[in-house]
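Secondary and tertiary structure notes
Letter by letter, the chains look like this.
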Protein chains: 2
Amino acid sequence: MPPSIKQVAQQAGVSTATVSRLLNKPESVSSDTADKINQAIAALGFRPNFNGRNLRAGRSRTVGVVVPTLSNTVFAQCLQGIELAARSLDYSVMFTATEYRQEDEAAAVDLLLSHRVDGVILTVADASASATLDVLDSERIPYVLTYNQPQQASRLSVSVDNRAAARDAVAHLIALGHTRIQMLSGYFHASDRAIQRYQGYVDAMREHGLTPLTPIEVPRHTGLGVDYLQSFADPQQRPSALFCSNDLLAFAAMRDLRALGLRVPQDISVMGFDGIPLGEMMSPVLASAVQPSEQIGEVALRTLVAAIEQGSPDGAGQPASSILAHAIRHGGSVQIFVP
Amino acid sequence: MPPSIKQVAQQAGVSTATVSRLLNKPESVSSDTADKINQAIAALGFRPNFNGRNLRAGRSRTVGVVVPTLSNTVFAQCLQGIELAARSLDYSVMFTATEYRQEDEAAAVDLLLSHRVDGVILTVADASASATLDVLDSERIPYVLTYNQPQQASRLSVSVDNRAAARDAVAHLIALGHTRIQMLSGYFHASDRAIQRYQGYVDAMREHGLTPLTPIEVPRHTGLGVDYLQSFADPQQRPSALFCSNDLLAFAAMRDLRALGLRVPQDISVMGFDGIPLGEMMSPVLASAVQPSEQIGEVALRTLVAAIEQGSPDGAGQPASSILAHAIRHGGSVQIFVP
DNA sequence: CTGAAAGCGCTAACAT
DNA sequence: ATGTTAGCGCTTTCAG
């Protein structure tokens, strides 16, 4: 058992309250008792026990984070942003992944709530129909969604405008002369963002008088199977450009296209969504709708803390949802359409 | 304030002790009182407060994780493995990053210890000279190193054999006819692994009667500067193969080589270390010494839990350090040497 | 099988 | 400026 405030008090010849004061409001302790106490603290190697403090205070200065997976760089970057911002505000981070399983979302949040985190940052499959969010609402635990753009304005969120970003991406392809543009997407039911991005695709096509094609939905772990691209063998059949709902999918598609003997971008252009850093290091550079993942995390954390500290003395400003700016990254994976 | 065990007890007409018993040893409570209590729990939406429990128990079933950064996929995967394994063993994870700053290592561990985590998993700059590890040792907090291979056998760790893996990687290049092989590495002082990998490089060179070249040390964030490759312009000067201490560096190098007008692998072969998944999706595939990052995380967590539960009734086996198997991934970034 | 009571470490009134 | 005291939620003897 590590030393407690009690032993420090004894060693320093003061009461536990004074030790506590030194820890929390140092200016309210005379400098010589402070010295004595600090000495005792150093001698004993004392470190405050946050469990005691939290129990007493009813707050933990800890936030919970729930993401689908860390295998997708996007979420890793986001968590990175969260942790960095949390540290700067003296908050700690408890982390959980769900592997895209909705049951696990609920269990994860449950566990976090048992730890009495002050709030939660999460990305869910579908923000408009999530039992998990309902729990959070009913228990009045502050939370902030990342990547999700909920219908309900009451739900705090931080994301790009997925629909607009997708529209811009597809408009970019159209501007380069492409007319047969098809979307490759993860399962819609597993990601409300994928749906919004598809809507953006449709927007762009319609705006330019083009006919949207049926999207190709594929499972997340796009393994070795290239069945989903079978029709691409026929040059008449295949689109001239493929717009993927995320960069990982774009990479998988490019690999599979290559396996089919197709060249990117000469035979087909490929555009992604997310703008993961590695996309920029490779050749050809992966064109993509870039979202600022680390910043999404940072802003989400700040928003959450604002929500947590609502009405507290030093409470930050009113928390509000944010739509962060996206950008279109041009890259060699996309080429002017040549008939 | 959420409901406490006390309110549940009152609502169910029993004592708090009985509620606690139902929560912890359900079989020691009669089935009808159990019913009453469960009903009260459901009605109140009760959730145990781990702070109270931890305070009392002196254990938290929480582990702390400290990694340099999540921008490197390797650590993201590792954290993923940790979290997954933790969840399966009913442990929670508090996460921190250090951005490779040693001061932050100490601060991070300090914070985790204040939260009274039961143990820590961490990757440090230099496992043989780390104030942070000394603290952990002196406070008798169980910890497991990941990626680091400490000199001191007393320190638990999970990693590949960095030296042997590097030796194998370089031997692969030599087998393909390369003789002028140079190493590109992150700063040695920031990573003991980098040193071990350099030793492996030297081993392989010497074993084959070749002269090791002076390694090129570069900062982590290999920006746009290509100065470090300036000498490569001269075909006589440059090595025929570049062995990079990690995959991120390999990608950056390939990008910079391209900027210099050099082709990979025709003009120069490039080999990495880590074997990040994306390396396999691109063209050319990045040849690399693959370490099983997610598994490293998983094994580290299990080892840590074994150390924590040492001597406890259901204690797992004796904790021990692990050297996991590496593999050499062949890829198009490396080519047979043609004079 | 259940209850009463003590105490884990800490902080916040309330006194002095 | 400092001490006294009560209590946050929970578990665990000890009695019954």
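Since we're looking at a predicted model, the values are computed, not measured.

Bringing the protein's contact with DNA strand D into the picture now. Close contacts around DNA strand D come from 24 residues, with Thr18 and Arg21 of chain A together with Ile5, Asn49 and Arg56 of chain B the closest. Arg21 of chain A places a polar side-chain atom, nitrogen or oxygen, 2.7 Å from a base nitrogen of DNA strand D. Between DNA strand D and Thr33 of chain A there is a distance of 2.9 Å, counted from a phosphate oxygen to a side-chain nitrogen or oxygen. Put simply, the parts of the chain that give the surface near DNA strand D at least two residues each are helix 2 (16–24) and helix 4 (50–57) of chain A together with helix 2 (16–24) and helix 4 (50–57) of chain B. Looking at the surface near DNA strand D element by element, the count peaks at 4 residues for helix 2 of chain B. Split by residue class, the surface near DNA strand D holds 9 nonpolar, 11 polar and 4 charged.

The two faces of the sheet receive side chains in turn, since in a regular strand these alternate between them. Residue and element names in this part refer to chain A. With 4 bridges connecting them, strand 9 (residues 269–274) and strand 10 (residues 287–290) associate as parallel partners. Counted as the bridge partner of Gly272 is Ser288 from strand 10. In this sheet, strand 12 (residues 327–329) lies alongside strand 10 in antiparallel orientation, the contact comprising 3 bridges. Note that in strand 12 the partner of Val290 across the bridge is Ala327.

Another point: the relation of the copies chain A and chain B. One chain copy maps onto the other through a rotation about an axis and a shift parallel to that axis. Of the transformation placing chain A onto chain B, the axial shift is 0.1 Å and the rotation is 180 degrees, giving an RMSD of 0.1 Å. The relationship between the two copies is best expressed as a two-fold rotation axis. For chain A, the minimum C-alpha distance to the rotation axis belongs to Met94 of chain A and amounts to 2.2 Å. A shared binding surface is used by both copies, with 98% of the interface residues of chain A retained as interface residues in chain B.

On to the packing of helix 1 (residues 5–12) of chain B against helix 2 of chain B, then. All names here are of chain B. In the contact formed by helix 1 and helix 2, the axes pass within 8 Å of each other and the chain directions differ by 105 degrees. Between helix 1 and helix 2, the angle falls in the class roughly perpendicular. Across the interface between the two elements, Ile5, Lys6, Val8 and Ala9 of helix 1 pack against Thr16, Val19, Ser20 and Leu23 of helix 2. In the contact of helix 1 with helix 2, the residues fall into 5 nonpolar, 2 polar and 1 charged.

On to the packing of aromatic side chains. Inspection of the entire model under this criterion finds 6 aromatic pairs over all chains. Consider the rings of Phe188 of chain B and Tyr198 of chain B, whose centres lie 5.6 Å apart with planes at 45 degrees: the pair is tilted. Here Phe188 of chain B, found in the loop between strand 6 (181–186) and helix 9 (192–207), pairs with Tyr198 of chain B, found in helix 9; they are 10 residues apart in sequence, far enough to count as distant. By relative accessible area, which is 17% here, Phe188 of chain B ends up buried. Here the aromatic cluster, defined as three or more aromatic residues joined through ring pairs, consists of Phe188, Tyr198 and Tyr201 of chain A.

If you look at the interface, chain A gives 52 residues, while chain B gives 51 residues. The junction of chain A with chain B conceals about 4900 Å² of combined surface from both sides, 53% of it contributed by carbon and sulfur atoms. The interface formed by chain A and chain B includes 6 salt bridges. Across the pair Arg47 of chain B and Glu139 of chain A runs a salt bridge, and its minimum N-O distance is 2.6 Å. Put simply, chain A and chain B have 28 residue pairs in polar contact (both at pLDDT 80 or more) between them.

On to helix 3 (residues 31–44) of chain A. Residues spaced three or four apart along an α-helix face the same direction, because each turn holds 3.6 residues. Residues and elements named next belong to chain A. Helix length check: helix 3 (14 residues) gives 20 Å between terminal C-alpha atoms against 20 Å at 1.5 Å per residue, within 8%. Taken as a whole, helix 3 has its buried residues at Thr33, Ala34, Ile37, Ala40 and Ile41. Seen end-on, helix 3 carries its buried residues on one side only, within an arc spanning 130 degrees. Helix 3 presents Ser31, Asp32, Gln39, Ala42 and Ala43 as exposed residues on the side facing more than 90 degrees away from its buried surface.

A few words on the sheet that holds strand 8 (residues 241–244) of chain A. Residue and element names in this part refer to chain A. The 6 strands lie next to each other as 7-6-8-9-10-12, forming an open sheet whose pairing is mixed. Of all strands in the sheet, those with a lone pairing partner are strand 7 (216–218) and strand 12, marking the two edges. With strand direction ignored, the average angle separating the axes of adjacent strands in the sheet is 20 degrees. Of the strands in this sheet, strand 6 (181–186), strand 8 and strand 9 touch helix 9 (residues 192–207), which is tilted by about 175 degrees from strand 6.

A few words now on the environment of Met183 of chain B. All names here are of chain B. On the secondary structure map, Met183 appears in strand 6. A sequence separation of 61 residues divides Met183 from Cys244, and the C-alpha atoms of the two residues are 5.7 Å apart. If we skip the residues at most four places from it in the chain, Met183 touches Ala194, Arg197, Tyr198, Tyr201, Pro215, Ile216, Phe243 and Ser245.

Around DNA strand C sit 25 residues in total, of which Ile5, Asn49 and Arg56 of chain A together with Thr18 and Arg21 of chain B are the nearest. Here a phosphate oxygen of DNA strand C and a side-chain polar atom of Asn24 of chain A are 3.2 Å apart. Note that a phosphate oxygen of DNA strand C is positioned 2.7 Å from one of the backbone N or O atoms of Asn49 of chain A. Counting residues per element, the ones that place at least two in the surface near DNA strand C are helix 2 and helix 4 of chain A together with helix 2 and helix 4 of chain B.

Turning our eyes to something else, we now look at the UniProt feature "domain: HTH lacI-type" (unreviewed entry) in chain A. Sites flagged by UniProt as "domain: HTH lacI-type" (unreviewed entry) map to residues 3–57 of chain A. In the segment residues 3–57 of chain A, helix accounts for 71% and strand for 0%; the C-alpha atoms at its two ends are 21 Å apart.

A word on the sheet that holds strand 8 (residues 241–244) of chain B. Note on sheets: strands pair through backbone hydrogen bonds, and any given pair is parallel or antiparallel. Residues and elements named next belong to chain B. Strand order in the open sheet formed by 6 strands is 7-6-8-9-10-12, and the pairing between neighbours is mixed. Looking at strand neighbours, the two that pair on one side only are strand 7 (216–218) and strand 12 (327–329), the edges of this open sheet. When strand polarity is set aside, the average angle formed by the axes of neighbouring strands in this sheet is 20 degrees. Of the pairings in the sheet, the one linking strand 6 to strand 7 comprises 3 bridges and is parallel in character. Across the sheet, Gly186 pairs through a bridge with Val218, a residue of strand 7. The sheet strands contacting helix 10 (residues 247–259) are strand 6, strand 7, strand 8, strand 9 (269–274) and strand 10 (287–290), and the helix crosses strand 9 at an angle near 155 degrees.

As far as domains go, chain A holds domain 1 (1–46), domain 2 (60–160 + 294–324) and domain 3 (162–291). Computed from C-alpha coordinates alone, the two centres of domain 1 of chain A and domain 2 of chain A are separated by 36 Å.

Relative to the helices and strands, Asn72 of chain B resides in the loop between strand 1 (62–67) and helix 5 (73–88). The contacts of Asn72 of chain B, once residues within four sequence positions are left out, are Leu248 and Asp274 of chain B.

Residues and elements named next belong to chain B. Take Val158: it is sitting in strand 5 (residues 157–160). Exposure remark for Val158: the relative accessible area of 0% places this residue in the buried category. Through-space distance from the C-alpha of Val158 to that of Thr303 is 8.6 Å; in sequence the pair is 145 residues apart. Leave out the neighbours within four places in its chain, and Val158 touches Val144, Leu145, Thr146, Tyr147, Ile296, Val299, Ala300, Thr303, Ser322 and Leu324.

Conventions and cut-offs
- Residues numbered from 1 in each chain as written.
- Chains lettered and ligands numbered in written order.
- Predicted model: local features only at pLDDT ≥ 70, side-chain atom pairs only at ≥ 80, totals over all residues.
- Heavy atoms only, no water.
- Near = heavy atom within 4 Å.
- Polar contact = N/O pair within 3.5 Å; in protein donor to acceptor, adjacent residues only side chain to side chain.
- Helix = DSSP H or I, 4+ residues; strand = E, 2+ residues; numbered from the N terminus.
- Nonpolar A, V, L, I, M, F, W, Y, C, P; charged D, E, K, R; others polar.
- Pairing = 2+ DSSP bridges.
- Least-squares fit on C-alpha atoms with pLDDT ≥ 70 in both.
- Contact = heavy atoms within 4.5 Å.
- Axes fitted to C-alpha atoms, helices over the stretch in contact; angles between N-to-C directions.
- Parallel < 35°, antiparallel > 145°, perpendicular 65-115°, else oblique.
- Phe/Tyr/Trp six-rings, centres within 6.5 Å; stacked < 30°, edge-to-face > 60°.
- Buried < 20%, exposed > 50% of the residue type's maximum accessible area, 1.4 Å probe, protein only.
- Buried area = accessible area lost by both parts, 1.4 Å probe.
- Salt bridge = Lys/Arg side-chain N within 4 Å of Asp/Glu carboxyl O.
- Expected span 1.5 Å × (residues − 1).
- Arc of directions from axis to C-beta.
- UniProt positions renumbered as here; feature names shortened; annotations may be inferred.
- Domains from an automatic or database assignment.

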